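Here is how the chains run, residue by residue.
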Amino acid sequence: MPELPEVEVTRQSFMARISHAQIVSVRMGKPLRWPLGCAPEQLLQQTIYQVRRRGKYLILDLDDGVLLIHLGMSGHLVFAEQLPAPAAHDHFDLHTTHGVLRLHDPRRFGAVVWSASQDSGAALKLLGGLGAEPLDPDFDVQAFAAALKRRQASIKQVLLAGDVVVGVGNIYASEALFRAGIDPRKPACKVSKPKAQKLAGTIQQVLSEAIRQGGTTLRDFRNSHGEYGWFQLQAQVYGRAGEPCLQCGRPINMLRQGQRSTYFCRNCQK
DNA sequence: ATATCGACCTGCTAGC
DNA sequence: TGCTAGCAGGTCGATA
């Protein structure tokens, strides 16, 4: 489910409500991708100051350290004053003075991890290798183009790797490459500078548009109020194999790159 | 260093 | 109707 837009939409949906809440109790269900990294009791009484985002991670600032939350493939957060008793796939509850933050994650590829700071320990390990934030006003298009020049892997796989630019997952990679007219199979280093600059723009455009649409709901995604996203209706290639290209009318192609599906138009993307 | 591939886990759908 | 294979929004760690 969650690429940058879904994580950002989630963040915006509960940040103000949870801000300055104090943690009252913690409930953990089945194991998630990584252990919490501290005794749950250590979180009690701590205040949550703000909720930030880095790539696809949410970062909750506490009195003592940070709590990282990753939604994996199938996770979403719910935040409400009260919630029903945990059901199947509700694997983490953070009870606070403002309400309950609950992670629902059927596949359990998600995680909640405590770290002493954002720049040390578990957080350093998880966030340290991440690339640039595409929606940061300081995003450096020249540096982005230069970084692509150093990579021989296909442009699609370099986007997904997240060490050049963060937040672009399988849906938005296909969409951004289509809008930039770049063949997803092209080695990143062979993408011309103008095309790389164009791609930087289409990545920003696609992600921003998706945030405005509340993200993409293929099956699981909801924001913390339980509302769906609608960007899937604007997708021009993702999930449209065999359907006519909206630019040239020829059928959209699908292929596998690194065990992930890529959707593109052979005619419009060179 | 970089690229590829398997692994993690559950649910749903298409096809027989 | 029921079973099975294959696929799904991510990313880490082992291997070449």
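These figures come from a predicted structure and were not determined experimentally.

**Observations regarding the domain arrangement of chain A**
As far as domains go, chain A holds domain 1 (4-128) and domain 2 (141-264). Inter-centroid distance (C-alpha atoms) of domain 1 to domain 2 is 27 Å. Facing 19 residues of domain 1, the contacting portion of domain 2 comprises 18 residues. Together domain 1 and domain 2 conceal approximately 1,500 Å² of surface at their shared face, both sides included; 64% is due to carbon and sulfur atoms. Contact with domain 2 buries area across many residues of domain 1, yet Pro5, Glu6 and Val9 alone supply 33% of it, more than any other trio. Linking domain 1 with domain 2 are eight residue pairs in polar contact (both at pLDDT 80 or more). Only α1 (4-18) and β6 (76-80) provide two or more residues apiece to the side of domain 1 that touches domain 2. Considering only residue class, the side of domain 1 that touches domain 2 consists of eight nonpolar, six polar and five charged.

**Points about the UniProt feature "domain: Formamidopyrimidine-DNA glycosylase catalytic" (unreviewed entry) in chain A**
Taking the UniProt record as the reference, the feature "domain: Formamidopyrimidine-DNA glycosylase catalytic" (unreviewed entry) is found at residues 2-110. Between the C-alpha atoms that bound residues 2-110 there is a distance of 10 Å. The span itself is 14% helix and 39% strand.

**With respect to the protein's contact with DNA strand B**
The local shell around DNA strand B consists of Lys30, His89, Pro106, Arg107, Arg108, Phe109, Arg151, Gln152, Ala153 and Gln259. Taking all atoms of DNA strand B within 4 Å of the protein, the share assigned to sugar and phosphate is 56%. Lys30 is positioned such that a nitrogen or oxygen atom in its side chain is 3.3 Å from a phosphate oxygen of DNA strand B. One of the side-chain N or O atoms of Arg151 is found 2.9 Å from a phosphate oxygen in DNA strand B.

**Here's the deal with the sheet that holds strand β4 (residues 57-61)**
On the basis of which strands lie adjacent, the open sheet formed by four strands has the order β3-β4-β5-β9 and antiparallel pairing. Edge positions in the open sheet fall to β3 (51-54) and β9 (111-115), since each of these has one partner strand only. Strand-to-strand twist of the sheet, defined as the mean angle between neighbouring strand axes without regard to direction, takes the value 25 degrees. Note that strand β5 (residues 66-70) and β9 share five bridges and pair antiparallel. In the sheet register, Val66 faces β9, and the bridge partner there is Ser115. Of the strands in this sheet, β3 and β4 touch α1, which is tilted by about 165 degrees from β3.

**Some points on the UniProt feature "binding site: DNA" (unreviewed entry) in chain A**
UniProt's feature table lists "binding site: DNA" (unreviewed entry) at His89, Arg107 and Arg151, given in the numbering used throughout. These annotated residues cover 63 residues of sequence, and their C-alpha atoms reach 38.8 Å apart at the extreme, placing them across more than a single site. If you take the residues mentioned a moment ago, the ones lining the largest pocket come down to Arg107. Structurally, Arg107 is set in the loop between β8 (99-104) and β9. A relative accessible area of 46% places Arg107 in the partly exposed class.

**Some remarks on the side chain of Glu175**
Among the structural elements, Glu175 can be located in helix α5 (residues 170-180). Of note is the side chain of Glu175, whose polar atom sits 2.7 Å from the backbone nitrogen of Tyr238. Ignoring sequence-local partners within four residues, the contact set of Glu175 consists of Val206, Phe231, Gln234, Ala235, Gln236, Val237 and Tyr238.

**Observations regarding the pattern of salt bridges**
With the rule as written, the count across this model stands at 13 salt bridges. Arg102 is the salt-bridge partner of Asp90, the closest N and O atoms lying 3.6 Å from each other. Separated by twelve residues along the polypeptide, Asp90 in strand β7 (residues 90-96) and Arg102 in strand β8 bring together distant segments of the chain. Classification of Arg102 as buried rests on a relative accessible area of 6%. Overlapping salt bridges bring together Glu8, Arg11, Arg53, Arg54 and Glu133 as one network.

Cut-off values and rules
- The residue count restarts for each chain, going from 1 along the sequence in the order it is written.
- Here every chain gets a letter starting at A, and every ligand a number starting at 1, in the order they are written.
- Totals for whole chains, interfaces and linings use every residue, but because this is a predicted model, local features are given only for residues with pLDDT of at least 70 and side-chain atom pairs only at 80 or more, for both listing and counting.
- Think of the side-chain values as coming from all heavy atoms in the structure, minus any hydrogens and water.
- Annotation comment: domain bounds sourced from an automatic or database domain assignment.
- Residues are treated as being in contact if the distance between any of their heavy atoms lies within 4.5 Å.
- Note on definitions: buried area is the accessible-area loss of two parts on being combined, 1.4 Å probe, summed for both.
- Under the rule applied, a polar contact is a pair of N or O atoms within 3.5 Å (in protein, one hydrogen donor and one hydrogen acceptor; residues adjacent in sequence only if both atoms are side-chain atoms).
- Helix and strand assignments come from DSSP, with helices taken as H or I runs of at least 4 residues and strands as E runs of at least 2, each series counted from the N terminus.
- When residue character is reported, Ala, Val, Leu, Ile, Met, Phe, Trp, Tyr, Cys and Pro are called nonpolar, Asp, Glu, Lys and Arg charged, and the others, Gly included, polar.
- UniProt positions are given in the numbering used here, feature names are shortened, and annotations may be inferred rather than shown by experiment.
- Any residue with a non-hydrogen atom lying within 4 Å of a molecule or strand is treated as near it.
- Any two strands are treated as partners once DSSP identifies two or more bridges connecting them.
- Between N-to-C directions, angles span 0 to 180 degrees; the directions come from axes that are lines fitted to C-alpha atoms, helices contributing only their stretch in contact.
- Cavities and pockets were defined on a 1 Å grid built over protein atoms only: a cavity is a set of grid points that admits a 1.4 Å probe from which the probe cannot escape, a pocket is an open set flanked by protein on both sides within 12 Å along at least five of seven lines, and lining residues are those with an atom within 4 Å of any such point.
- Three labels apply to residues, based on accessible area from a 1.4 Å probe with only protein chains included: buried if under 20% of the type maximum, exposed if over 50%, partly exposed otherwise in between.
- Between Lys or Arg on one side and Asp or Glu on the other, a salt bridge is scored when a side-chain nitrogen of the former is within 4 Å of a carboxyl oxygen of the latter.

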